[in-house]
Amino acid sequence: MNKSTTPTKKINKISFGEQGFSIGDQQDKSSSSSPTGIVRSHWKTLQSNNLCKICHINLNVKNGIVNCRKCGQLHCNLHTHYEVRLRNPQFDEKTPQYDSNGIWSRCCETCYLERQNTEVLSNNLTEDFKKIRLTFADVNELKRIKVQRNFLKLVNEGKEVTHWKTGNHCSICFVKFSLLIRKHHCRLCGDLVCDDPNGYRKYCSIYLPIISLIDRLPNLNYDKIPNDTIKFRCCINCKNGLLFELRKQEQPENEIIKTYLNLIDQRYQIEVMLEKYSKDEKIGHKLMNHLKDFEKLVINFRNQFFTNDLRVVQIENEQLIKNIYQSIAMFLQDNLIKYKEISAIHVPPEPQKEEIKPEPSLTKKQVRELREQLMVLNEQKFLIENMIKDFTKSRRFDELNSLILNKQELEDTINELENKLGEFKFI
Amino acid sequence: MALDLYKVKDVYFNKLYQPRQNASEQIKPKVLLLDKITTTIISMSYTQSQLLSNDIILIELIENYKTLSVMKHLNCIVFVSIKSLSSLISELKSPHFGSYEIYFNNSINKNQIEKIAESDEYEIVDKLIEIFQDYLILNSHLYQIQHEPGAINPYLEDGSKLTSLLLSLKKNPIIKYESNSNDIKRLSSEILYNINSNSNNNLFDDLNIHNDVPPILLLLDRKNDPITPLITPWTYQSMIHEFCKIEKNLVNIENQQIILTDSNDQFYKESMYLNYGDLTDKFQKYVEKYKSETNQSQITKTSNLNELKKILMKFPEFKKFSTNILNHLNIISEIDKQISLQKLWDLGELQQTIVCDLDSQQNIKERIITVLKDSKISTTNKVKILLLYSIRFNFDQSFLSILNDPLCSDPLPSEEQVNLLSKFKSLFNLTNLTNIQKQQQQQGLTNIFANKNINISNLFKNHQNENDNIYLQYTPRLNEIINKLIDPNLESSVKLNTLIPDKVKQKYGTTTEKVQDIIIYMNGGLTYEESRLIHEISENNKKINLIIGSDEMLNSETWLNKLYNLTKDKQTEPERTQFRDLL
Ligand SMILES: [Zn+2]
Ligand SMILES: [Zn+2]
Ligand SMILES: [Zn+2]
Ligand SMILES: [Zn+2]
């Protein structure tokens, strides 16, 4: 305890509760709660032998016999050198409650610390946001209709928008126009935009054949289809506006994500079953089948998206594929131990006579168990090899060393197991 | 602990990723879009496997929105600073993902909400939430704010970051700041403005609900204690930073990167505040424990399948154990190497003797001359000793000739080192007023603080420690300030000004005797030794909750570099500074 909290001069003070009284040393002046203060009906009464709730010391006049004003429990002097603000109970509340506008009252260490919880703030703006979004919905729709109308005018009548804006900055990226950065006008809205087809600002505007947009928007009211040499300039906003409906409907198929969704669906089934299995062992067989299916899916995923030397097939989605594989492999590994336990229970016991046979060094059961070990180890090895590649690339060398060590140990154990299995290794 | 930054981290983690409470909840794979600021925040707080096991299968930078692949099956969590608003708007205008939950790391204003709403034509934003973490969490009581290069108004930036800290912990504080520092003064009024104005959606109005006494935000200036970062530290975390540099929880030793966090490294958690002697004892025991436990793993050669199975299940555990031992072994041997290489057993004792006034000036002088003549002691370490001496006794020109002797010093002291030595005391106004005026006339130098004085004798008070360890005699000035806040009856020369936000005044009045929560910010850099001090004060006084932070974690090297620059600045623009001081 901090020395500064121990008063130099001890003056004992008696406070009476409804069923008893407290004898405690006096704290600083501010602590003297007024007689019209906090109710004392919840105070614990003195028994023949009273111990401090916190340090279990015998309570007496010397150590103090103090009721915490908050919880009512009896404590020694030392463990009631705390104060909180309290208010009286309201409605069906039984005891005084914390209130930062309340009356300063002596309390025990437990109640003081309980008051000191870390609170963390976040502010949800979603409702406000959605209200504001609603007010923009009409405006945005009008804009889109206008762009579409202008686009049809351009296609059908060859008419560009007439009101070309003036200014010195690109309306999208706000870059200042200069000799090098030339002014262009969007032919659908008339806004000033820059043109930088290969550079950083390449998304401000595009210069594209009219026919390429018509191809993507086949259902508009075209009078005639212009020949495919005619190109025009269009800003990103107008392009987004034109393609709005199309994009809203399109659900591009992504092979990786589809496979992944399938995998996590399977994983979900297993998780649900694992939870059930802890209560009901009868579903073990079913669970085992699911785990086996899942493993097949994982292997399929590996074959589909990795080459034999563990390179990702689709280089543009490399990180995604690796992350997905790592997360499902993590899950498989965590559960293979459980899987082993299950399969050990749910395979019918080996016939007795096999145990009598002296010669085949390994029983079927042992072979199966060893193979399972081998499978786990091989899976771990694959994972680690993968991580080694990753870490080498990201230059996380400290972890690399232990990984390589890890891999060697694994390989040693694998060899050992394979030796033990001998002729039973394959089948 | 009412100010637990790890709790903040956990709450925000759950907010952002909404981990499934149980297995029967459906899985929703997610993409995480970050910007550079939030990437640092995330990587300091959570591991990649933590994210993977919460179905975050892809993490991308929002500034690369143009090159993302379309994956409408995925939900997207956006966690960004307001600096990425334009990227976010572009992403929403042609979205790549199915739906969006947007989290900002500090408050945003109405105008910004409108811009996002306008760009959300596809109505794919499901959530828009402010969380308040525009700072890094280093330890449960230690935070750091990041300066972005080229900030136009640093007070504005720092002010809004510290405001996010207050909001995250739901504190509307009384602001106390050191009255002699212009930087701190401007920062304090910036924060007061943030609290009193309604720019934060009136969030400050409803804080302090569970605070019986108003919290305190204590703003300090490093320049008021230029000594602490110069003194060689002797406790584990501080030593690691002094000799190996901890950079955002990472330590580089011999091309190896070691992650240091007390949240998942039990040994580090238990040893980070230990002094060097206790640390080596503890490490010894840790290694013994490892040896006795791993002996069992030798059974790998056993044919007993059950044993093998057990070992396999323990396998990852052991791996973690041995990697952890190896990491700390590497760090401790590097520290050990540096101590003997730099002769720090001798130098450390001399440092403590000088700053804590443990010997006569004559004896100290003799010992310094021995140090200066030792060609094996680095010039930098000699400069540090001389700086401490010059503050205690005034700079002695006779030292310079030895320091400039090629037979004693290799390399010779640089121009900036010599410069600093002769101006150190006056630079920090650590002398009496007449002297200052003289020096100002002579050198055209002004003091860092506008004609306000620190009494030099105060810098050496409070060092009468019960601690017998000669290397741990010195206590930073911070100790005095905190003790004075906790117990106003104590003597102290530190002058603090007070600003009270309107809502705090309404609720608690203008005078309050008690103190419970103190949030400390040290402008200009903090040492891990001071962080340890704060930890120690909290451990010894359960009534008080303390956290501390800064814009930089200093060691003696980084502090010296800052000092060189300060001396340089003073030389190049004396007139302008003088002018400002007149105002
Ligand atoms: Zn007790
Ligand atoms: Zn209590
Ligand atoms: Zn542009
Ligand atoms: Zn346009």
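Residues numbered from 1 in each chain as written. Chains lettered and ligands numbered in written order. Predicted model: local features only at pLDDT ≥ 70, side-chain atom pairs only at ≥ 80, totals over all residues. Heavy atoms only, no water.

Chemist: Now, about the overall build of chain A: what can you tell me, with residues and values included?
Modeler: Counting its secondary structure elements, chain A contains 11 helices and 12 strands. Relative to its 427 residues, chain A shows a buried fraction of 43%. Taking the contacts inside chain A whose residues are at least 6 apart along the sequence as the reference set, 59% of them involve residues at least 24 apart. Surface summary for chain A: the accessible area is close to 24,500 Å², and the carbon and sulfur share equals 52%. (Helix = DSSP H or I, 4+ residues; strand = E, 2+ residues; numbered from the N terminus. Buried < 20%, exposed > 50% of the residue type's maximum accessible area, 1.4 Å probe, protein only. Contact = heavy atoms within 4.5 Å. Areas by Shrake-Rupley, 256 points an atom, 1.4 Å probe, with all protein chains shown as cover.)

Chemist: Lay out the coordination of the zinc ion (ligand 2) in plain terms, naming residues and giving numbers.
Modeler: Residue and element names in this part refer to chain A. Donor atoms from the polypeptide that coordinate the zinc ion (ligand 2) comprise Cys68 (SG), Cys71 (SG), Cys108 (SG) and Cys111 (SG), at 2.2 to 2.4 Å from the metal. Motif for the zinc ion (ligand 2), donor spacing along one chain: C-x2-C-x36-C-x2-C. Taken together, the positions of Cys71 in the loop between strand S3 (66–67) and strand S4 (74–75) and Cys111 in helix H1 (residues 109–115) put the pair 40 residues apart, joining distant regions of the chain. (Donors = N, O, S within 2.8 Å, 3.2 Å for Na, K, Ca; no water.)

Chemist: Describe the coordination of the zinc ion (ligand 1), listing the residues and the values that go with them.
Modeler: Residues and elements named next belong to chain A. At 2.0 to 2.3 Å from the zinc ion (ligand 1) lie its protein donor atoms, namely Cys52 (SG), Cys55 (SG), Cys76 (SG) and His79 (ND1). Around the zinc ion (ligand 1), the four donor atoms sit at angles spanning 97 to 120°, and that spread fits a shape best called tetrahedral. Each donor residue of the zinc ion (ligand 1) belongs to the same chain, with the gaps between them written as C-x2-C-x20-C-x2-H. As far as burial versus exposure is concerned, Cys76 and His79 are alike and both buried. (Tetrahedral: all angles 85-135°; square planar, octahedral: opposite > 155°, others 65-115°.)

Chemist: Now, about helix H4 (residues 85–93) of chain B: what can you tell me, with residues and values included?
Modeler: Because an α-helix packs 3.6 residues into every turn, residues spaced three or four apart end up facing the same way. Those residues of H4(B) that fall on the buried side of the exposure criterion are B:Leu85, B:Ser87, B:Leu88, B:Ile89, B:Glu91 and B:Leu92. Residues of H4(B) that are buried make contact with strand S1 (30–34), strand S3 (71–80), strand S4 (97–104), helix H5 (110–119) and strand S5 (125–131) of chain B.

Chemist: Just give me the short version of the pattern of salt bridges, but keep the residues and values in it.
Modeler: Counted under the stated rule, the structure contains 33 salt bridges over all chains. Note that A:Lys322 and A:Glu318 form a salt bridge whose closest N and O atoms lie 3.3 Å from each other. Taken together, the residues A:Lys322 and A:Glu318, both in helix H8 (residues 318–346) and four residues apart, mark about one turn of the helix. Here A:Glu318 falls in the buried class, since its relative accessible area comes to 18%. Three or more residues joined by partner-sharing salt bridges are found here, namely B:Lys83, B:Glu148, B:Glu157 and B:Lys161. (Salt bridge = Lys/Arg side-chain N within 4 Å of Asp/Glu carboxyl O.)

Chemist: An account of the packing of helix H18 (residues 478–486) of chain B against helix H20 (residues 528–540) of chain B is needed here, citing residue identities and associated values.
Modeler: Residues and elements named next belong to chain B. Packing of H18 against H20 brings their axes to within 10 Å, and their N-to-C directions diverge by 30°. By the criterion of interaxial angle, the relationship of H18 to H20 is roughly parallel. Where H18 crosses over H20, the two elements pack in a sense that is right-handed. Contact residues: Leu478, Asn479, Ile482 and Ile486 in H18; Glu530, Leu533, Ile534 and Ile537 in H20. For the contact of H18 with H20, the residue count by class is six nonpolar, one polar and one charged. (Axes fitted to C-alpha atoms, helices over the stretch in contact; angles between N-to-C directions. Parallel < 35°, antiparallel > 145°, perpendicular 65-115°, else oblique. Left-handed = near helix turned anticlockwise from the far one by under 90°. Nonpolar A, V, L, I, M, F, W, Y, C, P; charged D, E, K, R; others polar.)

Chemist: Residue-level account of the packing of helix H2 (residues 126–157) of chain A against H5(B), with values.
Modeler: Running from amino to carboxyl end, H2(A) crosses H5(B) at an angle of 50°, the nearest separation of the two axes being 8 Å. With respect to each other, H2(A) and H5(B) are oriented oblique. Crossing handedness for the pair H2(A) and H5(B): right-handed. Contacts between H2(A) and H5(B) involve A:Phe129, A:Ile132, A:Arg133, A:Phe136, A:Asn140 and A:Lys143 on the former and, on the latter, B:Lys110, B:Ile113, B:Glu114, B:Ile116, B:Ala117 and B:Glu118. Split by residue class, the contact of H2(A) with H5(B) holds six nonpolar, one polar and five charged.

Chemist: Residues and numbers for the sheet that holds strand S5 (residues 82–87) of chain A, please.
Modeler: All names here are of chain A. With antiparallel pairing, the three strands of this open sheet are ordered in space as S6-S5-S7. Each having just a single partner strand, strand S6 (97–98) and strand S7 (103–107) make up the two edges of the open sheet. With five bridges joining them, S5 and S7 adopt antiparallel strand pairing. In the strand pairing of S7, Glu83 is matched with Arg106. (Pairing = 2+ DSSP bridges.)

Chemist: Tell me about the sheet that holds strand S11 (residues 250–253) of chain B, and please be specific about residues and values.
Modeler: Residues and elements named next belong to chain B. Sheet architecture is open: three strands sit in the order S10-S11-S12, paired in antiparallel fashion. Each edge of the sheet is formed by a strand with only one pairing partner; in this case those strands are strand S10 (246–247) and strand S12 (256–259). Across four bridges, S11 lies against S12 in antiparallel orientation. Along S12, the bridge assignment pairs Ile253 with Gln256.

Chemist: Before we move on, can you summarise the side chain of B:Asp551 with the specific residues and values?
Modeler: Residues and elements named next belong to chain B. For Asp551, the position within the fold is in the loop between strand S15 (545–550) and helix H21 (556–572). One buried charge, Asp551, has no salt-bridge partner; the nearest side chain with opposite charge is Lys562, at 5.0 Å. In terms of polar contacts, Asp551 uses its side chain to reach the backbone amide nitrogen of Gly524, at 3.0 Å. Aside from chain neighbours lying at most four places away, what touches Asp551 is Gln144, Ile145, His147, Tyr521, Met522, Asn523, Gly524 and Gly525. (Lys, Arg positive; Asp, Glu negative; His and termini not counted. Polar contact = N/O pair within 3.5 Å; in protein donor to acceptor, adjacent residues only side chain to side chain.)

Chemist: Report on the nonpolar core, specifying residues and quantitative values.
Modeler: All names here are of chain B. Within the largest apolar cluster, 140 residues are counted, with the highest numbers of intra-cluster contacts made by Tyr17, Tyr143, Leu219, Ile240, Ile368, Ile520 and Leu563. For this core, the leading source of residues is helix H14 (residues 379–393), giving eight residues. Not counting residues up to four positions away in its chain, the partners in contact with Tyr17 are Lys30, Leu32, Ile42, Tyr46, Leu51, Asn54, Ile56 and Ile77. Core analysis: the next-biggest nonpolar cluster, separate from the first, contains 61 residues, Leu58, Tyr65, Ile113 and Tyr122 among them. (Core = buried A, V, L, I, M, F, W, Y, C linked by side-chain atoms within 4.5 Å.)

Chemist: Quick one: what's the story with the environment of B:Glu148, residue by residue and with numbers?
Modeler: Note that B:Glu148 resides in the loop between strand S7 (142–144) and helix H6 (154–168). Only 2.4 Å separates the side chain of B:Glu148 from the side chain of B:Lys83, close enough to count as a polar contact.

Chemist: Outline the confidence of the model for chain A, supporting the account with residue identities and numerical values.
Modeler: Residue and element names in this part refer to chain A. For chain A, mean pLDDT is 78; residues scoring 70 or higher make up 76% of the total. Taken element by element, chain A is modelled with least confidence in helix H9 (residues 353–356), mean pLDDT 39, and with most confidence in strand S8 (residues 122–124), mean pLDDT 93. Residue range residues 1–8 is modelled with pLDDT below 50. Its contacts to residues more than four positions away, or to other chains, number 11 contacts. Every residue in residues 28–34 scores below 50 in pLDDT, and together they form nine contacts with partners more than four places removed in sequence or on other chains. (pLDDT = per-residue confidence, 0-100.)

Chemist: Residues and numbers for unusual backbone geometry, please.
Modeler: What is expected of a backbone is that most residues other than glycine have negative phi and most peptide bonds are trans. Geometrically, the link from B:Asp410 to B:Pro411 is a cis peptide bond, its omega value of 0° lying close to zero. Along the chain, B:Pro411 falls in the loop between helix H15 (397–403) and helix H16 (415–427). Residue A:Phe174 is not a glycine yet carries a positive backbone phi of 65°. In this structure, A:Phe174 sits in the loop between H2 and strand S9 (184–185).

Chemist: Kindly report on the packing of aromatic side chains, identifying the contributing residues and their values.
Modeler: Residues and elements named next belong to chain A. One pass over the full model with this rule turns up 21 aromatic pairs over all chains. Members of the aromatic cluster, joined through ring pairs, are Phe301, Phe305, Phe306 and Tyr325. Seen from the ring of Tyr98, Lys70 lies directly overhead, with NZ or CZ sitting 4.6 Å from the centre. (Phe/Tyr/Trp six-rings, centres within 6.5 Å; stacked < 30°, edge-to-face > 60°. Lys NZ or Arg CZ within 6 Å of the ring centre and 35° of its normal.)

Chemist: Which residues make up the side chain of B:Asn555, and what are the values?
Modeler: Mapping B:Asn555 onto the fold places it in the loop between S15 and H21. For B:Asn555, the contacting residues outside a window of four places in its chain are B:Pro229, B:His241, B:Glu242 and B:Lys245.

Chemist: Tell me about the environment of A:Cys186, and please be specific about residues and values.
Modeler: All names here are of chain A. Structurally, the position occupied by Cys186 is in the loop between S9 and strand S10 (192–193). Cys186 sits in the buried class, given a relative accessible area of 0%. Separated by 131 residues in sequence, Cys186 and Asn317 have C-alpha atoms that sit 34 Å apart. Residues in contact with Cys186, not counting those within four places in the same chain, are Val161, Asp191, Val193, Arg233, Cys234, Cys235 and Cys238.

Chemist: A description of the pairing of strand S9 (residues 216–221) of chain B should follow, citing residues and the corresponding values.
Modeler: Residue and element names in this part refer to chain B. Along S9, six of the six residues are buried, which leaves the element largely enclosed by surrounding structure. Of the two faces of S9, the one lined by Ile216, Leu218 and Leu220 and the one lined by Leu217, Leu219 and Asp221 are each fully buried. With four bridges joining them, strand S8 (residues 174–178) and S9 adopt parallel strand pairing. Bridge pairing in S9 places Ile174 opposite Ile216. When S9 meets strand S14 (residues 517–523), the two strands line up parallel, connected through six bridges. Bridged to Leu218 within S14 is Ile520.

Chemist: How would you explain helix H13 (residues 361–373) of chain B if you had to name every residue and give the values?
Modeler: Residues and elements named next belong to chain B. Under the 1.5 Å per step criterion, the end-to-end length of H13 is 18 Å for 13 residues, consistent within 8% with the ideal 18 Å. Considered for burial, the residues of H13 that qualify are Ile364, Ile368, Val371 and Leu372. Looking straight down H13, one finds that the buried residues subtend no more than 95° of arc, so they occupy a single side. Looking at H13, the residues exposed on the side facing more than 90 degrees away from the buried face are Thr370 and Lys373. For H13, the elements touching its buried residues are helix H12 (344–355), H14 and H15. (Expected span 1.5 Å × (residues − 1). Arc of directions from axis to C-beta.)

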